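For reference, the chains in residue letters:
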Amino acid sequence: VYVGVIDEGIDLNHPDLAANIWDNPHDWPDDVDNDGNGYVDDLHGWDFHQNNNTIYDGVPGNFSTDSHGTHVAGTIGAVGNNGIGVAGVNWNVRIIAGKFLGPNGGTTANAVRAVDYFTDLKTRHGLNIVATNNSWGGGGYSQALHEALIRSANAGILFVAAAGNSNRNNDTRTSYPSN
């Protein structure tokens, strides 16, 4: 089972996450796009914010850069019963990073690219990507993002979105993409 995390980056060396971070079997570290998906050496996912394969730009122990993506990945799939840290919901999951947020946020265009990245991984490589986690707020409606979500849904990927952290009623003040 694979879950994509579309968020900030993920600390792939975190002791609770390292065993469950996806290793791309169709690409290898040789500065070539071996799997032909347009992303050179996307070994554990892709950083759409900086357009490179570095899915974690933070410093271990410094919870400012890429801490939210790491936190979300831990909730989903931190290894349990190891006497350290936390336990995730699923201890036997492969987590794929789709980083599109940086220190000052991200763009809808990069969110679309991230959604499409996971759809491509599932349709072209047959990965059992069951869901993407999208714990980020959004702005107004985006037709491009809507169309990417439809492509993802048609591929059988559940798009899980955060309803927001602002203590607002989303029925009276919309928050996209959760609405």
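The following paragraphs examine the structure supplied in this document. Here the residue numbers are simple positions, counted from 1 along each chain's written sequence. Totals for whole chains, interfaces and linings use every residue, but because this is a predicted model, local features are given only for residues with pLDDT of at least 70 and side-chain atom pairs only at 80 or more, for both listing and counting. Based on all heavy atoms of the structure, the side-chain values leave hydrogens and waters out of the count.

1. Things to note about the pattern of salt bridges
Consideration 1: We define a salt bridge as a side-chain nitrogen of Lys or Arg found within 4 Å of a carboxyl oxygen belonging to Asp or Glu. Counted under the stated rule, the structure contains five salt bridges.
Consideration 2: With a closest N to O distance of 3.0 Å, aspartate 66 and lysine 99 form a salt bridge. Of this pair, aspartate 66 sits in the loop between strand E2 (45-47) and helix H1 (67-77) while lysine 99 is found in strand E3 (residues 94-99), placing the two residues 33 residues apart along the sequence.
Consideration 3: In this scheme, a residue with accessible area under 20% of its type's maximum is buried, one over 50% is exposed, and one in between is partly exposed, where area comes from a 1.4 Å probe on protein chains only. The buried category is assigned to aspartate 66, whose relative accessible area is 2%.
Consideration 4: With a relative accessible area of 2%, lysine 99 lands in the buried category.
Consideration 5: Across the pair arginine 124 and aspartate 120 runs a salt bridge, and its minimum N-O distance is 3.0 Å. One end of the pair is arginine 124 and the other is aspartate 120, both in helix H2 (residues 108-125) and four residues apart, which spans about a single turn.
Consideration 6: The class of arginine 124 is partly exposed, set by a relative accessible area of 39%.
Consideration 7: Relative accessible area serves as the criterion here: at 22%, aspartate 120 is assigned to the partly exposed category. Each helix corresponds to a stretch of at least 4 residues labelled H or I by DSSP, and each strand to a stretch of at least 2 residues labelled E; elements are numbered beginning at the N terminus.

2. Points about the side chain of aspartate 11
Consideration 1: Along the chain, aspartate 11 turns up in the loop between strand E1 (2-7) and E2.
Consideration 2: Only four residue types enter the tally: Lys and Arg on the positive side, Asp and Glu on the negative side, with His and both chain ends excluded. Of the side chains with opposite charge, lysine 99 lies nearest to the buried aspartate 11, which makes no salt bridge, at 12 Å.
Consideration 3: A distance of 3.0 Å separates a polar side-chain atom of aspartate 11 from the backbone nitrogen of asparagine 13.
Consideration 4: Here, two residues are considered to be in contact whenever any of their heavy atoms come within 4.5 Å of each other. If we ignore the near neighbours within four places in the chain, the residues touching aspartate 11 are Leu17, Tyr56, Pro60 and Thr70. Pairs of N or O atoms are called polar contacts if they sit within 3.5 Å, as long as, within protein, a hydrogen donor faces a hydrogen acceptor (for residues adjacent in sequence, only side-chain-to-side-chain pairs).

3. Structural notes on the pairing of strand E5 (residues 158-161)
Consideration 1: Pairing of strand E4 (residues 129-134) with E5, which is carried by four bridges, proceeds in the parallel orientation. Counted as the bridge partner of asparagine 134 is alanine 161 from E5.
Consideration 2: Considered for its hand, the β-α-β crossover made up of E4, helix H3 (residues 143-154) and E5 is right-handed. When DSSP locates at least two bridges between a pair of strands, those strands are taken to pair. Call a crossover right-handed when, viewed with both strands pointing away from you, the route from the first strand across the helix to the second goes clockwise.

4. Some details on H1
Consideration 1: Along H1, the residues classified as buried are Gly69, Thr70, Val72, Ala73, Gly74, Ile76 and Gly77.
Consideration 2: Of the surrounding secondary structure, the elements contacted by the buried residues of H1 are E1, E3 and E4.

5. Things to note about the side chain of threonine 132
Consideration 1: Here threonine 132 is to be found in strand E4.
Consideration 2: Engagement of the side chain of threonine 132 in a polar contact is seen with the side chain of asparagine 134, the distance being 3.1 Å.
Consideration 3: Those residues in contact with threonine 132, other than ones at most four positions away along the chain, are Gly4, Ile6, Phe118, Ile157, Leu158, Phe159 and Val160.

6. What to know about the pairing of E1
Consideration 1: Burial of E1 is extensive: five of the six residues sit out of reach of the surface.
Consideration 2: Where E1 meets E3, six bridges bridge the pair, whose relative direction is parallel. Each residue of the ladder has a partner; that of glycine 4, found in E3, is isoleucine 96.
Consideration 3: Bridge count between E1 and E4: four bridges; the pairing is parallel. Looking at the pairing, valine 5 lines up with asparagine 133 of E4.

7. Thoughts on the sheet that holds E4
Strands pair in a sheet through their backbones, by hydrogen bonds, and they do so in one of two ways: parallel or antiparallel.
Consideration 1: Overall, parallel pairing links the five strands, which are arranged E2-E3-E1-E4-E5 in an open sheet. Among the strands making up the open sheet, the edge pair consists of E2 and E5. Going from strand to strand, the sheet's axes swing by 20° on average, the running direction of each strand aside.
Consideration 2: Lines fitted to the C-alpha atoms define the axes, with helices restricted to the stretch that makes contact. Angles between their N-to-C directions range from 0 to 180 degrees. Taken strand by strand, H1 contacts E1, E3 and E4, and its axis lies near 155° from that of E1.

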